Amino acid sequence: MTTTASIRTRTGPAGNIPPAPALELIELRAAYGRIEVLHGVNLTVPTGTVVALLGPNGAGKTTTLNVIGGALEPRSGCVHVAGVHVNGASPDGLARAGVCRIPEGRGIFPNLTVAENLRMCTYSAALSVAEIEEQSFARFPRLGERRGQLAGTMSGGEQQMLAMARALVSRPGLLLLDEISMGLAPLIVSELYSLVGAMAQDGVTVLLTEQFAEMAMEICDFAAVMIHGRIMHVGQPQDVAGYMSEAYLGGVE
Amino acid sequence: MSEFLTYTIIGLVTGCIYALTASGLVVTYMTTGILNFGHGAVSMVAAFAYWQLTVEWHVPVLVALVLVVLIGAPVFGALLERLLMRPLQGKPVELQVVVTVGLLIFLLGLANLAWSPAASATRTLPRFFSGHSLKLASVFVDYHSIVVVAVAVAVAVGLRFFFSVSRTGVAMRAVVDNPDLAAMVGARPYRIAQFSWALGAALAALGGVLLAPLQGALNIDLLTLTVILAIVPAVIGRLRSLPLTVAGGLVIGLAVTYAVGYLPPNSFVAKAQTAIPMVILFLALVLLRQERLRSGRVSGMTLARAPSLARSLQAGVLFIAASVLVSELLSGVNLATATRGVVLGIAFLSLVLLTGYAGQVSLGQMTFVGTGAYAMAHLGHHGSLVGALAAMAVSGVLGAVVAVFAVRLRGLYLALSTLAFAYAMDYIFFDQHFGPYGSGLAVDRLHVPGLDTTSDKGFFVLGAVIFAVASIGLLALRRGRYGRRLAALNDSPQACATLGVNIAYTKLAVFSASAALAGLAGALYGGQQHLVTSADFQTFNSLVLLLLVLMGGKNLVSGALATAVLYALFPVLQQHVPSLSNVQYVLVGLGALTLGRYPDGLGGHMTRLRELIADRTGGQTASLTLEGDRLVGADG
Amino acid sequence: MRAEGNPQGGVVLAVAEVSVSFGGIRALHQVSLEARAGGVTGLIGPNGAGKTTLFNVITGLEKPTQGRVGLGGTDLSGMPPHRRARLGMARTFQRLEVFGSLSVRDNILTGAEFHRSWSRHADDPGSVTEEILDRIGLRAVADLRVDAIPTGMARLVELGRALATRPRLLLLDEPGSGLDENESEELGRLLVDLGEAGMAVLLVEHDVDLVMRISERVFVLDFGRIIASGSSSEVQANPDVRAAYLGTQPADVDDPSGPGGGGA
């Protein structure tokens, strides 16, 4: 079974094809201690596209993002970001170099206020504190209302907005989103995804993981299905949908 | 009334110094997870450096303050982080404890070399604005006290401001909240850790410079010990809350001062007042919320395979034979040193059992050695075996009592509770019961039929035999059912609990057994020395003991012997080469510092060496190797 | 409680309205389920649904904020983990909790020795160990340190160690991850055998195929609630379950019309 997933078939944004894809994973293997989770992952994310990495729980999606974000060293294989070999780069180094990762669950500091959380964006964003707050509050007015509140006391949706505000203001070259819909009401999820869509329109390359595929399908250019640490299928969103149902719940229908 | 006011002011001033230094401890701990046992030594060195600059070299006070507190200490702290603490991240807690204890010993040794204690009485630091005072109600308060309070308030306010306004301060709180996310947003974790060590060291230095003039002549041990007490308010602040830490510092300062002032002199409590902070620490720890069971960890230790019974018996017989030979060759001081080596080796073995096999940490093992010696002194007249049995029983029961409180705790908190217990015992028990004014307690030598233990030769052989028997026993235990139980407990307490093991009981049993073995060592140690004083069993010695066991390889019987003999050699070296008197501490300190990078100690190196040799020479055994995920059987 | 027509035995494990919350976040909400003797009960659910938390509550490693757990009619409330184990439950862990410094054989032997230390009915630990080594098929690696074997095997070691205490209730947390297809097939057979021998097995597994194949009854946990239970085919056909796994709205699986109000 081939696991090579090339999605280079489509060109990047208008006539400006960059020399290297925003992200390229080559035969990536990774393990937690002795537990190997990725068994040779190949994936290419062309610049300016949105790719959804789908799959059931335990498939290795988050691990893939951990490796790309520098939180976990791969056992073997390569991670190329914009053509640069970045194996072994530190998470903070990658963040300052423009790889923005919004982790699964709460990507915020619960015991810091909203304003202090935004302050932390100054490490990776090229903006001043005032500009960061202005842009964030313009996009998410509710954050402005809660500026002095401890982030941990906000609702789950507001917390995720705060996490996404970092993605917004740091204008990343590559945005990694891990299960941003987890535990949130559909209305909020669609608001978050419309932001992702808008950022993609502006040319931000996005790799996102989702267990709940539907929303992600609407904004992604390609979807890749990951099962048991390997990419099993890549294609247009609508092609992948049928495959997914089978992969998740076993042969029904 | 004015008396009360006086005590209150003194208490507040002392409390402010505790609050200052404890804040430094907390700042470092909360961002890096390492509690610096060398914090007090940093304060001490800073005070001496400040004295050197202002008094000896006549550097202006302000310049000296800047040099020591704002430049020297922070640079030292940053270097510490870079060289020592970074490799310690995520290592077992006993290793983290021991490396900072190594720092403590290293700095003590260095200070003793640089500023000889012989001339200590001549070194005094003037108070700030000395001669000036202020009348407050009916009491005169000198300017220095006001400076201390003002500085403490300024630092508290400054820290609060720093943590809410500056980006680095906010980032430090962010690291506490979620270190992974802090890196993910682009904050440099190492730089933040480095900054927190620099800040911690600066606060320690500030505390030292303010404290020293209050203590009269500069005293290396007193300064260091006083600042070590900052651990108490830090624990009261749960090692993360600065306001609670400051409050804890003030409470300790006031409690100690009122105790000195109001308790009737000569009462037991008055004598033991120095123990108050440690009693408070013990209570604070015991009242801590019970923690959830730790899940398994990758031990990463190179585990030497326990030799078979036949081999350990062989080695034991060889060891005894060799010791008989040695007893014939050595005499006088050298024989006494060798005896102290094997006897202390038994105490080291008790830590091999507790820390090496069971993964529990004790910072107070010497206390059990001391209670053993005490029991032997009182019940072992003419070397009666009753004394040795009583030594094991008394220490074993005491170990169980400590364990009743301590087994609920784990990691650093367990270590601290044993430390608190040991310190409290120093003041409450050892200082009171080892002869009037610490003059010493006479201990008879254990007598066994068939061996003339009154002679130095005979007693040495007895020590060697007991060491050999204890070693063979430990190795047999390690290979057997009980050893598997301890290894299992060390590898995964969670799994043990869900397999029906009463973890608290198992820990209690091993604590008690280890204490009993230490008690036996104490009975023998007393006999070897004839006269023991409280100084023999001070907590500081417990720290050195644990350090040396880890240096030898914490689960190795042979490592325990090697480092015990080394330990026994200290006083001898000192006698022969007086100028070396502190070099050994510097060396031991340096040795401990390398543990951060080589956690398996000497024993680990030996094991690797032996495996290397075996690989070169042997290879005839069938071996199973892993290729990728698949298991492949291969004949070598 | 529904009357079931299947051939399972009596209820061994009864979880009744268990809720757990950590600092305001609700990990489990009014979860009730049961596992019967003589078969495998499956528990599935997406990431973060609360399966491991439920295991921790059952084994006493975590305290529920509400609800009770019963084993064979005994209420386990407030009982520490080791006393629960002595009543006859054993488990494996999603994040391995093997005794890494011991060999494969010694891991199982230790389990058997633990059993012997608290049970009057325990057999000789040595012979129990050899029997289990054959049963889980790890004899070839029996002398290797568990630190040094692949995950899939280490999971089997945990299973063997749990079996060494002769439990009536076996809780398995993702025993199949790290196994290849053949191995997971064998695991399935082993679990069915254990069930047939009278044990109650509660199986958490992300290999849904395996769960569906061997479970008499399946419970589905989603966001800390049980959203469905029943036979494999009932659960597979349940639209709520498909929604939980695929993120579609329950009412209209094939219709991508806009989302409704407050979701699950």
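Residues numbered from 1 in each chain as written. Chains lettered and ligands numbered in written order. Predicted model: local features only at pLDDT ≥ 70, side-chain atom pairs only at ≥ 80, totals over all residues. Heavy atoms only, no water.

**Considerations on the overall build of chain C**
For step 1, the next point in the chain: Looking only at helices and strands, chain C features nine helices and 10 strands.
For step 2, the next point in the chain: A buried classification covers 58% of the 264 residues belonging to chain C.
For step 3, the next point in the chain: Sequence separation of 24 or more characterises 67% of the internal contacts of chain C that already satisfy a separation of 6 or more.
For step 4, the next point in the chain: Entry remark: accessible area of chain C is about 10,500 Å², with carbon and sulfur atoms responsible for 47%. (Helix = DSSP H or I, 4+ residues; strand = E, 2+ residues; numbered from the N terminus. Buried < 20%, exposed > 50% of the residue type's maximum accessible area, 1.4 Å probe, protein only. Contact = heavy atoms within 4.5 Å. Areas by Shrake-Rupley, 256 points an atom, 1.4 Å probe, with all protein chains shown as cover.)

**Considerations on the overall build of chain A**
For step 1, the next point in the chain: When you go through chain A residue by residue, the secondary structure sums to nine helices and 10 strands.
For step 2, the next point in the chain: Sorting the 253 residues of chain A into buried and exposed places 58% on the buried side.
For step 3, the next point in the chain: Across chain A, the fraction of contacts at a sequence separation of at least 24, relative to all contacts at a separation of at least 6, is 69%.
For step 4, the next point in the chain: Put simply, chain A shows about 9,600 Å² of open surface, and 52% of that area lies on carbon and sulfur atoms.

**Some points on the side chain of Asn107(C)**
All names here are of chain C.
For step 1, the next point in the chain: Along the polypeptide, asparagine 107 turns up in helix α3 (residues 104-118).
For step 2, the next point in the chain: On the basis of relative accessibility, which here comes to 0%, the residue asparagine 107 falls in the buried class.
For step 3, the next point in the chain: From its side chain, asparagine 107 meets the backbone nitrogen of phenylalanine 99 in a polar contact 2.9 Å long. (Polar contact = N/O pair within 3.5 Å; in protein donor to acceptor, adjacent residues only side chain to side chain.)

**Some points on the sheet that holds strand β3 (residues 50-54) of chain A**
Residues and elements named next belong to chain A.
For step 1, the next point in the chain: Here six strands make up an open sheet; going across it, the order is β6-β7-β8-β3-β9-β10 and the pairing mixed. Both edges of this open sheet fall to β6 (99-102) and β10 (230-235), since each of them pairs with a single strand only. Within the sheet, the average angular offset between the axes of one strand and its neighbour, ignoring direction, is 20 degrees.
For step 2, the next point in the chain: Alignment of β6 against strand β7 (residues 174-178), held across four bridges, turns out to be parallel. Counted as the bridge partner of isoleucine 102 is leucine 177 from β7. (Pairing = 2+ DSSP bridges. Axes fitted to C-alpha atoms, helices over the stretch in contact; angles between N-to-C directions.)

**A look at the packing of helix α14 (residues 309-329) of chain B against helix α19 (residues 456-479) of chain B**
When two helices pack together, their arrangement is given by the angle between the helix axes and the distance between those axes.
All names here are of chain B.
For step 1, the next point in the chain: At a minimum axis distance of 9 Å, the contact between α14 and α19 shows a crossing angle of 165 degrees. Comparing the axis directions of α14 and α19 gives the class roughly antiparallel. In the crossing of α14 with α19, the sense of the turn from one axis to the other is right-handed. Between α14 and α19, the residues in contact are Leu309, Ser312, Leu313, Gly316, Phe319, Ile320, Ser323, Val324, Val326, Ser327 and Glu328 and Lys457, Phe460, Val461, Ala464, Val465, Phe467, Ala468, Ile472, Leu475 and Arg479, respectively.
For step 2, the next point in the chain: Grouping the constituent residues of the contact of α14 with α19 by class yields 14 nonpolar, four polar and three charged. (Parallel < 35°, antiparallel > 145°, perpendicular 65-115°, else oblique. Left-handed = near helix turned anticlockwise from the far one by under 90°. Nonpolar A, V, L, I, M, F, W, Y, C, P; charged D, E, K, R; others polar.)

**Re the pattern of salt bridges**
Pairing of side chains with opposite charge becomes possible as their charged atoms draw close.
Residues and elements named next belong to chain C.
For step 1, the next point in the chain: Enumeration according to the criterion identifies 23 salt bridges over all chains in this entry.
For step 2, the next point in the chain: Notably, a salt bridge pairs glutamate 130 with arginine 139, separated by 3.0 Å at the nearest N-O pair.
For step 3, the next point in the chain: For glutamate 130, a relative accessible area of 27% puts it in the partly exposed group.
For step 4, the next point in the chain: Among the ionic pairs, arginine 213 bridges to glutamate 185, the shortest N-O distance being 3.7 Å. In this pair, arginine 213 sits in helix α7 (residues 208-214) while glutamate 185 sits in helix α6 (residues 181-196), placing the two residues 28 residues apart along the sequence.
For step 5, the next point in the chain: On the accessibility criterion, glutamate 185 (39% relative accessible area) is partly exposed.
For step 6, the next point in the chain: Sharing partners across several salt bridges, the network here consists of Arg105, Glu130, Asp134, Arg139 and Asp143. (Salt bridge = Lys/Arg side-chain N within 4 Å of Asp/Glu carboxyl O.)

**Looking at helix α6 (residues 167-177) of chain B**
For step 1, the next point in the chain: Buried within α6(B) are the following residues: Gly169(B), Val170(B), Ala171(B), Met172(B), Ala174(B), Val175(B) and Val176(B).
For step 2, the next point in the chain: The secondary structure elements touched by the buried residues of α6(B) are α3 (114-119) of chain A together with α1 (2-32), α5 (143-165), α7 (179-184) and α8 (189-211) of chain B.

**Quick notes on the sheet that holds strand β8 (residues 200-204) of chain C**
All names here are of chain C.
For step 1, the next point in the chain: With respect to topology, six strands assemble into an open sheet ordered β6-β7-β8-β3-β9-β10, the strand pairing being mixed. Either end of the sheet is taken by a strand with one partner, and the two such strands are β6 (89-91) and β10 (225-230). Averaged over all pairs of adjacent strands, the angle between their axes in this sheet comes to 20 degrees, without regard to strand direction.
For step 2, the next point in the chain: Examined bridge by bridge, strand β3 (residues 39-44) and strand β9 (residues 215-222) share five bridges and lie parallel to one another. Along β9, the bridge assignment pairs isoleucine 44 with valine 220.

**Quick notes on the packing of aromatic side chains**
All names here are of chain B.
For step 1, the next point in the chain: Applying the stated criterion across every chain yields a total of 19 aromatic pairs over all chains.
For step 2, the next point in the chain: Between phenylalanine 430 and phenylalanine 434, the ring centres sit 5.2 Å apart and the planes meet at 55 degrees, which makes this aromatic pair tilted.
For step 3, the next point in the chain: Under the relative-accessibility criterion, phenylalanine 430 is labelled buried at 0%.
For step 4, the next point in the chain: Here tyrosine 525 and phenylalanine 537 contribute two aromatic rings whose centre-to-centre distance is 6.0 Å and whose plane-to-plane angle is 70 degrees, an arrangement assigned as edge-to-face. Here phenylalanine 537 lies in the loop between β4 (531-532) and α23 (539-552) and tyrosine 525 lies in helix α22 (residues 503-529), a separation of 12 residues in the sequence.
For step 5, the next point in the chain: The buried category is assigned to phenylalanine 537, whose relative accessible area is 0%. (Phe/Tyr/Trp six-rings, centres within 6.5 Å; stacked < 30°, edge-to-face > 60°.)

**A few points about unusual backbone geometry**
For step 1, the next point in the chain: Despite not being glycine, His228(A) shows a phi value in the positive range, around 50 degrees.
For step 2, the next point in the chain: By secondary structure assignment, the location of His228(A) is in the loop between β9 (222-227) and β10.
For step 3, the next point in the chain: With phi around 55 degrees, His382(B) is a residue other than glycine that occupies positive phi space.
For step 4, the next point in the chain: Judged by relative accessible area, His382(B) falls into the exposed class, the value being 73%.

**Looking at the interface of chain C and chain B**
For step 1, the next point in the chain: Listed as interface residues are 37 residues of chain C and, on the opposing side, 27 residues of chain B.
For step 2, the next point in the chain: Interface area for chain C against chain B, summed over the two sides, is near 2,600 Å², with a carbon-plus-sulfur share of 62%.
For step 3, the next point in the chain: Linking chain C with chain B are one salt bridge, by the criterion used here.
For step 4, the next point in the chain: The residue Glu113(C) makes a salt bridge to Arg484(B) at a minimum N-O spacing of 2.5 Å. (Buried area = accessible area lost by both parts, 1.4 Å probe.)

**Some thoughts on α23(B)**
Residue and element names in this part refer to chain B.
For step 1, the next point in the chain: The terminal C-alpha atoms of α23, which comprises 14 residues, lie 20 Å apart, in line with the 20 Å expected from a rise of 1.5 Å per residue.
For step 2, the next point in the chain: Here α23 lies mainly inside the structure; 13 of its 14 residues are buried.
For step 3, the next point in the chain: Directly beyond the C-terminal end of α23, a positive phi value near 105 degrees is found at glycine 553. (Expected span 1.5 Å × (residues − 1).)

**Quick look at the domain arrangement of chain C**
Residues and elements named next belong to chain C.
For step 1, the next point in the chain: Each domain of chain C was delimited in the assignment, giving domain 1 (1-88 + 168-264) and domain 2 (98-166).
For step 2, the next point in the chain: Listed per partner, the contact involves 16 residues of domain 1 and 10 residues of domain 2.
For step 3, the next point in the chain: With both sides pooled, the region where domain 1 packs onto domain 2 buries about 1,100 Å², and carbon together with sulfur makes up 73% of that total.
For step 4, the next point in the chain: For the domain 1 face of the interface with domain 2, the top three residues by lost area are Arg86, Leu170 and Leu190, together amounting to 36%.
For step 5, the next point in the chain: The interface formed by domain 1 and domain 2 includes zero salt bridges.
For step 6, the next point in the chain: Where domain 1 meets domain 2, there are zero residue pairs in polar contact (both at pLDDT 80 or more). (Domains from an automatic or database assignment.)

**Some points on the nonpolar core**
For step 1, the next point in the chain: Membership of the largest hydrophobic core comes to 202 residues, with the highest contact counts inside it found for Met120(A) and Phe37(B).
For step 2, the next point in the chain: Here this core spans two domains, and each of domain 1 (2-262) and domain 2 (332-604) of chain B adds at least three residues to it.
For step 3, the next point in the chain: Every residue in contact with Met120(A), bar those within four places of it in the chain, is listed here: Phe109(A), Leu112(A), Val170(B), Ala171(B), Ala174(B), Val185(B) and Ala187(B).
For step 4, the next point in the chain: By size, the runner-up hydrophobic cluster in this structure holds 49 residues, among which are Ala52(A), Leu118(A), Ala151(A) and Leu177(A). (Core = buried A, V, L, I, M, F, W, Y, C linked by side-chain atoms within 4.5 Å.)

**So, the environment of Ala22(B)**
For step 1, the next point in the chain: Relative to the helices and strands, Ala22(B) resides in helix α1.
For step 2, the next point in the chain: Once residues within four sequence positions are removed from consideration, Ala22(B) is found in contact with Ala230(B), Pro233(B), Ala234(B) and Thr245(B).

**Here we look at the side chain of Thr122(A)**
For step 1, the next point in the chain: Mapped onto the secondary structure, Thr122(A) falls in the loop between α3 and α4 (129-139).
For step 2, the next point in the chain: Among the polar contacts made by the side chain of Thr122(A), one reaches the main-chain carbonyl oxygen of Arg119(A) at a distance of 2.6 Å.
For step 3, the next point in the chain: Within the local environment of Thr122(A), its side chain forms a polar contact with the side chain of Arg167(B), the two groups lying 3.0 Å apart.
For step 4, the next point in the chain: Leaving out residues up to four positions away in the same chain, Thr122(A) has contacts with Leu127(A), Val129(A), Ile132(A) and Arg167(B).

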